[in-house]
Amino acid sequence: MNRLFVLTLFMVGVLLSGVKSGEAGGSLFRLGYLEHTGAALCRIAQLKGEYAQEGLKVELVRFSDSRSGLAALEQGTIHAGAFEVGEGLKAIAGGKGFRIIAGGGIPTATGPLAELDDRVQQRLDLSGIVILIPATGGAGEKETLTRLTAALVRAYRSSRAEPELLRSKSVGTDQPIIHFDPYPDYYRLERLWKRLDLHSSTFPPDFLANHVYEEIYCDALDRLLDSAPDDNVYKELSGKAVCVPDCCPKNKKQ
Amino acid sequence: MKSIVAVFLLLSLLATASLAADLPKLRVGYIPEPAHGLYFVARDKGYFKEEGVDVELFQFGSAAEGMAALKAEKLDVGTFGTTAPLLFISKGSEFTFIGGIMIGGQAIITRPERLAELSGHDLKVYKGKKIGLVKLSTGDVVFKGALKKAGIDYKKDITFVEFGTAAAVVEAVKKGAVDAGLVWPPHFSLAEKNQGLKVAHYIEEFYPKYTCCRIVAPTAKVNADKETYRRFLAALIRAYRFYKTNENETVAIYTKSLKIDEDIIRNETYVKRVAESNPDPLRKGILEFWQHILDAGYIPNDYPIDKHINIDIYKQALDSVVKKNPKDKIYQEMLAFYKKNN
């Protein structure tokens, strides 16, 4: 009887471990990133095993400039990429069809010149990092992207708990201070869009909104908050995000 | 003789089927809230068909999914709260509010031992308290609106704790992590029934007739076919009359359609009257709601929301129903209500 019990437990264990490794061992997700401190969350997520925690197998692909990264995204050699927001928005306005699903690091101007001249910060804003995906995805796209975004949010949480992680992933020696925020923030992107004067009269009024997929970030954050409702970092991020509220009762007798 | 009657009946049935097939179609999205029940009344009592519109109802599990379906033109019209359509419109989506489905409905729950402390009809009882809510839910927005109207600086005097779902708010109240929580139907009824919590206040007590779920449709579709939307609203106006005058049958229709306990539906709809199923667009209420969102600092930019509210179609629908029933007291009350709120 005892042997049967142990054997059953062993079989259940084998089955469960198979399910888990199957989830983590699905098809490879190629995530491009710019060699830029603002893209550090992508590398921290790999270092801390956050992708695997979310059941994703991610290969990081390094790019030295945003244009070549966006070209790879368009060609389909990478599935998503962490590139400069200014270049990303220009590509969207140019009809590339990319969508922004998350934010990253935004350089912050410091020093006396920054205080005197707003244009310094404006230029830095455009070099902030966002996560872009191609125009359309296949079946299961939303779930994969939600997991990817959740991994980046978890990386952000790790970076808050261990600031040395960010220092270890910084690029160059004389970098401005980087403010990290995984929230894509449509309204911030709209301000940059207007500043770059990218809106064309031929675009519909919701053209930019159609290229900012905030629902992914909101779903990822909801999921993380559900698993850790008292987590201060997740609560802080939730407080900043503008998400469509959950509205609905379960449709069953209760 | 029997065969002649049978042929006549068959022809009548075929004619009816043919008429229904010719009616303009509307795909309508809704979320399973008891106060959204006018759709089921209009369907089950045959008002949609009588008014000349063939309605197909689609239930959604979240407002975000419903709005996405509306944006993708998989729906012709839908009710997904007030915040969700306002957020979409403020980002450039071409939607128009044409009516409503629910007024009121939000409640503040607490533990039984805290009830006395929060009693009375003065919002000052919430000063210094920690209140759980779902950010940007109707309860969040209108409660803050009510506090502002009462002259309370809620950013200074009250601590709000945000949760992802109404269920999480209920759990936090139960555990004592917050002093009270803002939730919507049927969550507060379920919290009372299953968790032993108590409703301290309905927000309606402080903010009468505030807007909840609105009927919204793609602007291009509305402009292209106003008559079909008028017929749709006329059917809902007649459903409203039925709901006001046929309690038992309405409860049965809501219960069957929503699969929520009958006692909860009866209690919310007719005993405590925590929410009203009402198709009025409440233009003034939508604009106030938007202002409360801006005041709370949730959205940085104002937007010309009024351009996205069409009250004329509802008025034409109401006029058409009144014309057929000029002395009906309920329709006259709806007319007066429309004039006051639009």
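The shown structure was predicted, so the numbers you read here are calculated from the model rather than taken from an experiment. Residue indices follow the written sequence of each chain, beginning from 1 at its first position. Chain labels run from A onward and ligand labels from 1 onward, assigned in the order the entries are written. In keeping with the model being predicted, local features are shown solely for residues with a pLDDT of at least 70 and side-chain atom pairs are shown and tallied solely at 80 or more, while totals for entire chains, interfaces and linings include all residues. By convention in this description, side-chain values take in all heavy atoms of the structure and omit both hydrogens and water.

Student: Please set out the side chain of asparagine 278 of chain B residue by residue, giving values where relevant.
Tutor: Residue and element names in this part refer to chain B. The way it works is that DSSP assigns letters per residue, a run of H or I at least four long becomes a helix, a run of E at least two long becomes a strand, and they are numbered from the N terminus. Within the secondary structure, asparagine 278 sits in the loop between β12 (275-276) and α14 (283-295). On the accessibility criterion, asparagine 278 (4% relative accessible area) is buried. Leave out the neighbours within four places in its chain, and asparagine 278 touches Leu38, Gly100, Ile101, Met102, Ile103, Tyr240 and Phe337. To sort residues, take the accessible area from a 1.4 Å probe on protein chains only and compare it with the maximum for the residue type: under 20% means buried, over 50% means exposed, and anything in between is partly exposed. Only heavy atoms enter the contact rule, under which two residues are in contact if any of them lie within 4.5 Å.

Student: Mind laying out the packing of aromatic side chains, listing which residues take part and the relevant values?
Tutor: Here is the rule: rings of Phe, Tyr and Trp (six-membered ring for Trp) pair when centre to centre is within 6.5 Å. Planes less than 30 degrees apart are stacked, more than 60 are edge-to-face, and the remainder are tilted. Inspection of the entire model under this criterion finds 19 aromatic pairs over all chains. Judged by centre distance (6.3 Å) and plane angle (35 degrees), the rings of tryptophan 193 of chain A and phenylalanine 203 of chain A are tilted. Of the two residues, tryptophan 193 of chain A sits in helix α10 (residues 186-195) while phenylalanine 203 of chain A sits in the loop between α10 and α11 (214-227), which places them ten residues apart along the sequence. Neither tryptophan 193 of chain A nor phenylalanine 203 of chain A differs from the other in exposure class; each is buried. Arranged with centres 6.2 Å apart and planes meeting at 75 degrees, the rings of tyrosine 154 of chain B and phenylalanine 160 of chain B form a pair that is edge-to-face. Judged by relative accessible area, tyrosine 154 of chain B falls into the buried class, the value being 7%. Grouping aromatic residues by their ring pairs yields a cluster made of Tyr126, Phe143, Tyr154 and Phe160 of chain B. The positively charged end of lysine 144 of chain B is found above the aromatic ring belonging to phenylalanine 160 of chain B, 4.5 Å away from the centroid. For a lysine, the NZ atom is tested; for an arginine, the CZ atom; a charge sits over a ring if that atom is within 6 Å of the ring centre and within 35 degrees of the ring normal. Looking at lysine 149 of chain B, its charged tip hangs above the ring of tyrosine 207 of chain B, at a distance of 4.6 Å from the centre.

Student: How would you summarise the packing of helix α6 (residues 138-149) of chain B against α14 of chain B if you had to cite specific residues and measurements?
Tutor: Residues and elements named next belong to chain B. Each axis is a line fitted through C-alpha atoms, taken for helices only over the stretch in contact, and angles between the N-to-C directions span 0 to 180 degrees. Axis separation between α6 and α14 bottoms out at 9 Å; the angle between their running directions is 85 degrees. Classified by the interaxial angle, the pair formed by α6 and α14 is roughly perpendicular. Of the residues in α14, those in contact with Thr138, Val141, Val142, Gly145, Lys148 and Lys149 of α6 are Glu288, Phe289, His292, Ile293 and Asp295. Gly falls in the polar group here, along with every residue not listed as nonpolar (Ala, Val, Leu, Ile, Met, Phe, Trp, Tyr, Cys, Pro) or charged (Asp, Glu, Lys, Arg). The class makeup of the residues in the contact of α6 with α14 is four nonpolar, three polar and four charged. By definition in this entry, angles of less than 35 degrees are roughly parallel, angles greater than 145 are roughly antiparallel, angles of 65 to 115 are roughly perpendicular, and the rest are oblique.

Student: Residues and numbers for the sheet that holds strand β7 (residues 130-134) of chain B, please.
Tutor: All names here are of chain B. Two strands are said to pair when DSSP picks up at least two bridges between them. Reading across the sheet, the five strands line up as β8-β7-β9-β6-β10 and stay open at both edges, with mixed pairing between neighbours. Each of the sheet's edge strands pairs with one partner strand only, and the pair in question is β8 (159-163) and β10 (198-202). Strand-to-strand twist across the sheet, computed as the mean angle between neighbouring axes with direction ignored, equals 30 degrees. Taken strand by strand, α6 contacts β6 (107-110), β7, β8 and β9 (180-183), and its axis lies near 135 degrees from that of β7.

Student: So, the environment of leucine 31 of chain A: which residues are in play, and what are the values?
Tutor: Residue and element names in this part refer to chain A. As for its placement among the helices and strands, leucine 31 is situated in strand β1 (residues 28-34). For leucine 31, a relative accessible area of 0% corresponds to the buried category. In sequence terms leucine 31 and histidine 79 are 48 residues apart; their C-alpha atoms lie 6.0 Å from each other. Sequence-distant contacts of leucine 31, that is, excluding residues within four places in its chain, are made with Cys42, Tyr51, Val58, Glu59, Leu60, Val61, Ala80, Gly81 and Leu148.

Student: Could you give an account of the state of the cysteines, with specific residues and numbers?
Tutor: Working definition: the covalent bond between the sulfur atoms of two cysteines is a disulfide. Criterion for a disulfide: a pair of cysteine sulfur atoms within 2.5 Å. For the structure on display, the rule yields one disulfide over all chains. Through a disulfide, cysteine 218 of chain A is tied to cysteine 243 of chain A; the S-S separation comes to 2.0 Å. Judged by the sign of its S-S torsion, about -85 degrees, the bond between cysteine 218 of chain A and cysteine 243 of chain A is left-handed. Of the two residues, cysteine 218 of chain A is situated in helix α11 and cysteine 243 of chain A in the segment after α12 (232-240); the sequence distance between them amounts to 25 residues. Across the pair, exposure class does not vary: cysteine 218 of chain A and cysteine 243 of chain A are buried alike. For the unlinked cysteine cysteine 42 of chain A, the closest cysteine sulfur is that of cysteine 218 of chain A, found at 19 Å. Among the cysteines around cysteine 212 of chain B, which has no disulfide bond, cysteine 213 of chain B carries the closest sulfur, lying 3.6 Å off. Using a relative accessible area of 2% as the deciding quantity, one classes cysteine 212 of chain B as buried.

Shape is all these values report; function is a separate question.
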